[in-house]
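Now for the letters of each chain:
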Amino acid sequence: MKSKGLTTTQLKLIAIMAMVVDHVVWGFVDLFSVTGQIMHTIGRLTIPIMCFFIAEGYRKTTNLKSYLSRIASFAMISIIPFYLFFGEEYGYRQNFIFDLFLALLVLVIADSKKLSKPMKIVLGTTVTIISAVVGGWPVFPILLVLIFFYGKSFKQKCLLVSGTVLLVEGTTIVAILLNNQYHFMGYDWVWYQWLYFLGFILPLPLLAKYNGIKGKYPISRSFFFLFYPAHFVVLYEIKMLVLGELQVAYITMNVAALIIAIYILFRLISKRPSKPLIICILLCISAIMYIFGFVLEVSSASVDFVHAAVALEYFGECFVFIFFLFFICAFCQIKVPNFVSAALVLFSTVIVWLVITASSNGIFYKHIGMDYSGPFHKIDLTYGPGFYIFIAYMILVCGGSFIITLINIKKRQGIERKRLLMVMFAILCPWLAFLALGTGITNGYEVSAIGMVGAIGFICRALFSYGYFDSMQLAVDNALHRIGDGILVVDLSEKVVYSNDSMNVLFPGIRLERTAELVPELIPYLAKESNQYVANGRTFDVIYEDLIERDTVQGHMLTFKDMTEHYQHLAEAERFAHTDVLTGLYNRSFFSELVAKHFDSSKAGTLLMFDIDNFKMVNDRFGHGVGDDILKLLAKTITREADGIHLGCRVGGDEFMLFLKDVTSNNDISAICQSLIDNFAAGLNTEHPEVTTSISIGAYTTVLGDKTATSATTGGAIPGSELFTNAYKKADEVLYTAKHAGKATFRIYE
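It should be emphasised that the depicted structure is a prediction, and the values quoted were computed from it without experimental measurement.

A. Quick peek at the environment of Ile 201. Relative to the helices and strands, Ile 201 resides in the loop between helix H9 (154-182) and helix H10 (203-208). Relative accessible area serves as the criterion here: at 26%, Ile 201 is assigned to the partly exposed category. Along the backbone, Ile 201 and Gly 163 are 38 residues apart, and their C-alpha atoms lie at a distance of 9.6 Å. When neighbours within four sequence positions are excluded, Ile 201 is seen to be in contact with Ser 162 and Val 165.

Below is the structure:
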């Protein structure tokens, strides 16, 4: 079923779009124009929404230390992009993620169970003062986060937020009016130009529709914090291009590529060590060296300095190709021969040496100079034979990697194929940068650093998103297909996300990406109306589980666990616990429970007690094997007479019982007793004619009137267990009367 309302993803995307609209005003639109005021008002959506999710994140996080460090890290990362875009506008004040970090810190202090009240006041006040002094939005995010966390109801939260906004708006207007009179601030503002503060109330109706669900296409928990500095860099690039500052834009683009590469390196280092991971780390370090050399090249005007930067570029680039080839081979489980590794390292060393000595030998570059004719300077090179040999080497390594990847793509399926497709895109990325240079789109300026970052990004996607490390995801996937249990995963709209082979056998109509409800047999289990499924002689327990990530339900998993053998063993154990091993009749304890329950339901019946006449003589003369056969014969005779209605029991030795449910007529009892005696005699004559024995029977009837009598022990109505004990005693007494009367007979208790 589709959930109503707005998901986490949708609200965060609204916040992101509003933020971009707001910052476009700062960079390209007159803030105090009508258009600027409208766009700025829309931009106020962002802060309350993100403060709301900071409070929600704190409430739901399972690792507070990680949560704090993640936001603090992004606050630090955002400092330079923030100042690049805003320039002198904010002075020493910090970015919005820094504000969110301080707000979260105050919430942690206020909610701490370990801190004393005075310590909470001191620490909370200190952080609040820091926010007031250097925060981009002084104290305001702290107030919103506390309101969203401590508000008892959403209505109360809305009233508090609205009151806070009106207070801030009123304070700002008063400050502006006083400033117009006394000029204590360095701004010349008009009060009505700041009415856009009221836009902080706009997100409240949206937050009222929050349904607590992450969303069908959930964005990363760090997406907003990554987008924040990234969009500043993009806006700054556009701003520089608009202003004609091409050199600054070009340098900034390469610096951004360097920062992204360093971020990816830190992500790699945080993973559990493995051979492919170490190769990736070395690959990333080589790429960082290459990009760093490129940044030095484009930001320097000295020929010698640029030459050194180019040497660093080639050093990094050579080892990028070496480690990339090693990665491909490790990825495809192909061993690189030692002589190939040695040749690659040797060739790369020679290339770097030729670049370093290019000014003296002219092999790699015939000429190195600077071109100052364009919008900004760039290196002017005349290529030598060494350069073209290097290009051929690059083509050879990339071409070999591409062929290896393509061959393996045809052999692999599922996750492995998706991984290899990501690797193929990684191979193509750097060459697309060179292609862009050749088409003239970049006006002669290289963007290979961006291509390098793209390549690393695709590799990381192959590793992180498709679970390459230790091949755990693939191993789990294969294991799930091999087990006998059926596994079905559906999303919140009941669409099938995964089903293993066993599940497909149980329900052949299941199709991926189709609604599971299209298979009628599944409906009771999706609705949790049934927890057991029986098919083809097998019994399955159905386990329904919510799939939860970051405290939000993302879907559901149904496990059809094959419990057939378990139930068989359970039934066998129960049978042994309730029956006599030799005869298959009930044992005395379980028999007495069943009879007592019958009496407790205010029903009557007759208890027959059997004894095999002269049974000790049978054992002594013919042996215990024949004696066991006689016992089994009597049990068979009792079972046949019980006919699935009455209850048979072996008390022990040669004593047996038969309880006749609801039989109270002496005529009926007599007929049954005589039938038992005759049938046993006939069976004995057939199976063991050499044995001379018979059975004697004593019968006692418990009628409905007995149930209404008063118990001597409890003082109330006689319980069924007491009625059984009485029947057992009376039947035993009358049995001995029958035996003394000549055996092979029966007597009914009068």
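B. Focus on the sheet that holds strand S12 (residues 746-748). Taken together, the 5 strands give an open sheet; going across it, the order is S9-S10-S8-S11-S12, and neighbouring strands pair in mixed fashion. Looking along the sheet, the strands with just one partner apiece sit at the ends: strand S9 (647-652) and S12. Going across the sheet, the axis of each strand differs from the next one's by a mean of 20°, ignoring polarity. Packing against the sheet, helix H27 (residues 666-687) makes contact with strand S8 (605-612), strand S10 (655-661), strand S11 (695-702) and S12, and its axis sits at approximately 160° to S11.

C. Summary view of the pattern of salt bridges. Under the criterion given, the structure shown has 11 salt bridges. The residue Arg 44 makes a salt bridge to Asp 22 at a minimum N-O spacing of 2.5 Å. Here Asp 22 lies in helix H1 (residues 8-28) and Arg 44 lies in the loop between helix H2 (34-43) and helix H3 (46-60), a separation of 22 residues in the sequence. Three or more residues joined by partner-sharing salt bridges are found here, namely Glu 56, Arg 59 and Lys 60.

D. Expanded view of the packing of aromatic side chains. Applying the stated criterion to the full structure yields 43 aromatic pairs. Note on Trp 137 and Phe 140: the rings are 6.5 Å apart at their centroids and 45° apart in plane angle, and the pair reads as tilted. Each member of the pair, Trp 137 together with Phe 140, is buried. Both rings, one in Trp 137 and one in Phe 200, keep their centres 5.4 Å apart while their planes meet at 90°; by these two values the pair is edge-to-face. Pair noted here: Trp 137 is in the loop between helix H7 (117-134) and helix H8 (140-150) and Phe 200 is in the loop between H9 and H10, with a separation of 63 residues, a long-range link.

E. Molecular detail of the side chain of Lys 730. Tracing the chain through its elements places Lys 730 in helix H29 (residues 720-740). Among buried Asp, Glu, Lys and Arg side chains, Lys 730 stands out as unpaired, with Glu 733 the closest opposite charge at 6.0 Å. Beyond its immediate stretch of four places on either side in the chain, Lys 730 contacts Tyr 700 and Tyr 749.

F. A nonpolar patch on the surface, seen in detail. Together, Leu 421, Phe 425, Leu 428, Leu 432 and Leu 435 line one region of the surface with nonpolar side chains, adding up to about 430 Å² of accessible area. Assignment of secondary structure puts Leu 432 in helix H18 (residues 414-439).

Conventions and cut-offs
Residues numbered from 1 in each chain as written. Predicted model: local features only at pLDDT ≥ 70, side-chain atom pairs only at ≥ 80, totals over all residues. Heavy atoms only, no water. Helix = DSSP H or I, 4+ residues; strand = E, 2+ residues; numbered from the N terminus. Buried < 20%, exposed > 50% of the residue type's maximum accessible area, 1.4 Å probe, protein only. Contact = heavy atoms within 4.5 Å. Pairing = 2+ DSSP bridges. Axes fitted to C-alpha atoms, helices over the stretch in contact; angles between N-to-C directions. Salt bridge = Lys/Arg side-chain N within 4 Å of Asp/Glu carboxyl O. Phe/Tyr/Trp six-rings, centres within 6.5 Å; stacked < 30°, edge-to-face > 60°. Lys, Arg positive; Asp, Glu negative; His and termini not counted. Patch = residues over 30% accessible without salt bridge, like charges linked within 9 Å, V, L, I, M, F, W, Y side chains within 5 Å. Areas by Shrake-Rupley, 256 points an atom, 1.4 Å probe, with all protein chains shown as cover.

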